[in-house]
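# Structural description and commentary
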Amino acid sequence: MSSWDTDIIKAFENLGGSASYDALYAEIEQIRTGLPSTWKSVVRRRIQDLSSDSAGFKGGRDLFFSVEGLGAGVWGLRSYLEETPKALDLPEGAEEPGRAYSLTYRVLRDTVLARKIKVLNQDRCQICGMAVSLSDGKTYSEAHHIIPLGVPHNGSDVPGNVIVLCPNHHVLCDYGAIQLTLSDLRTVEGHEISEHSISYHNDVIFGRKF
């Protein structure tokens, strides 16, 4: 029989990289037979023993992360926390008569929390539900701070101020070209979106009061 660690990792992978304990338990029941009476305690202990987010971390392999903080009961595979690919400068080219080239970057605030929220939402845009599929089989999304970080907005890097978007909707939100309705946003267990952040976006970013 495979080890508990192997089965826990497999269950997380089947669930898209993150899950609540309840969802994880249900998936493990599909994977492992002959479960002892205390098996749920074993699962919780192994996750905490192998996570540097936990006070019970034993050192060594750091396989799991707490998505919403300890006590929330939502965990994920740390291997799924990949940084958003960085933009590369275009090489210099020959100028053409009457034309000039310009390049504008949007800064992608790829914080650790943002990557956790992307894993929790399985890279699906919380507006349209799209997950961009890449040629290597992976999916791509961007994390958007509803109240932008830094001046003049000084938004916070907290779960309620972060939503996962496809690149198209990220641009629309960044430039205040779209209004947000909290009830229309796709939600997942363990990620609650702040009403205050949504109101700020609509009043200030969309309303262009800055």
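Everything numeric here is computed off the predicted structure, so don't read it as measured data.

### Side note on the sheet that holds strand 1 (residues 18–20)
The strand order across the open sheet formed by three strands is 1-3-2, and the pairing between neighbours is antiparallel. For this open sheet the edge positions go to strand 1 and strand 2 (64–66), each flanked by a neighbour on one side alone. Each adjacent strand pair in this sheet contributes to an overall mean axis angle of 30°, direction not counted. With three bridges connecting them, strand 1 and strand 3 (residues 74–77) associate as antiparallel partners. Bridging from a neighbouring strand, Ser-20 pairs with Val-74 of strand 3. Running at roughly 105° to strand 2, helix 4 (residues 112–120) makes contact with strand 1, strand 2 and strand 3 of the sheet.

### Here we look at the packing of aromatic side chains
Enumeration according to the criterion identifies three aromatic pairs in this entry. The interplanar angle of 15° and the centroid separation of 5.8 Å between the aromatic rings of Tyr-21 and Tyr-25 together place this pair among those described as stacked. You can see Tyr-21 and its partner Tyr-25 sitting in helix 2 (residues 21–31), four residues apart, about one turn around the helix. A relative accessible area of 14% means that Tyr-21 is categorised as buried. Geometrically, the ring pair formed by Tyr-25 and Trp-39 is edge-to-face, given 5.6 Å between the ring centres and 75° between the ring planes. Pair noted here: Tyr-25 is in helix 2 and Trp-39 is in helix 3 (residues 39–49), with a separation of 14 residues, a long-range link. Like Trp-39, Tyr-25 is buried. One aromatic cluster is present, built from ring pairs that chain together Tyr-21, Tyr-25 and Trp-39. When the ring centre of Trp-4 is taken as origin, the NZ or CZ atom of Arg-32, which lies over that ring, is 3.9 Å away.

### Quick look at helix 1 (residues 4–14)
For helix 1, the set of buried residues is Trp-4, Asp-5, Asp-7, Ile-8, Ala-11 and Phe-12. End-on view of helix 1: buried residues confined to an arc of 165°, all on one side of the axis. Contacts made by the buried residues of helix 1 are with strand 1, helix 2, helix 3, strand 2 and strand 3. Directly beyond the C-terminal end of helix 1, a positive phi value near 90° is found at Gly-16.

### Overview of the nonpolar core
Ranked by size, the top nonpolar core spans 18 residues in total, and within it Ile-8, Phe-12, Leu-24, Ile-28, Val-43, Ile-47 and Phe-64 carry the most contacts. Broken down by secondary-structure element, the contributors of at least two residues to this core are helix 1, helix 2, helix 3 and strand 3. Once residues lying within four places of it in the same chain are set aside, the contact partners of Ile-47 are Ile-8, Phe-12, Tyr-21, Leu-24, Phe-64 and Trp-75. Counting residues in hydrophobic clusters, the runner-up holds eleven residues, among them Cys-125, Leu-165, Ile-193 and Ile-198.

### Considering the side chain of Asp-7
Topologically, Asp-7 is positioned in helix 1. Take Asp-7: its relative accessible area is 5%, and that puts it in the buried class. Look past the residues within four positions of Asp-7 in its chain and what remains in contact with it is Ser-2, Ile-28, Ile-31 and Arg-32.

### Some thoughts on the pattern of salt bridges
Scanning the model with the defined rule gives seven salt bridges in all. The salt bridge partner of Asp-53 is Arg-78, with a shortest N-O separation of 3.4 Å. You can see Asp-53 sitting in the loop between helix 3 and strand 2 and its partner Arg-78 sitting in the loop between strand 3 and helix 4, a full 25 residues away along the chain. The class for Arg-78 is partly exposed, based on a relative accessible area of 22%.

### Side note on the pairing of strand 6 (residues 142–145)
Because side chains alternate across strand 6, one face comprises the buried residues Glu-142 and His-144, and the other comprises Ala-143 and His-145, equally buried. Here strand 6 runs beside strand 7 (residues 162–165); their pairing, made up of four bridges, is antiparallel. Counterpart to Glu-142 in the pairing with strand 7 is Leu-165.

Rules of the game
- Residues numbered from 1 in each chain as written.
- Predicted model: local features only at pLDDT ≥ 70, side-chain atom pairs only at ≥ 80, totals over all residues.
- Heavy atoms only, no water.
- Pairing = 2+ DSSP bridges.
- Helix = DSSP H or I, 4+ residues; strand = E, 2+ residues; numbered from the N terminus.
- Axes fitted to C-alpha atoms, helices over the stretch in contact; angles between N-to-C directions.
- Contact = heavy atoms within 4.5 Å.
- Phe/Tyr/Trp six-rings, centres within 6.5 Å; stacked < 30°, edge-to-face > 60°.
- Buried < 20%, exposed > 50% of the residue type's maximum accessible area, 1.4 Å probe, protein only.
- Lys NZ or Arg CZ within 6 Å of the ring centre and 35° of its normal.
- Arc of directions from axis to C-beta.
- Core = buried A, V, L, I, M, F, W, Y, C linked by side-chain atoms within 4.5 Å.
- Salt bridge = Lys/Arg side-chain N within 4 Å of Asp/Glu carboxyl O.

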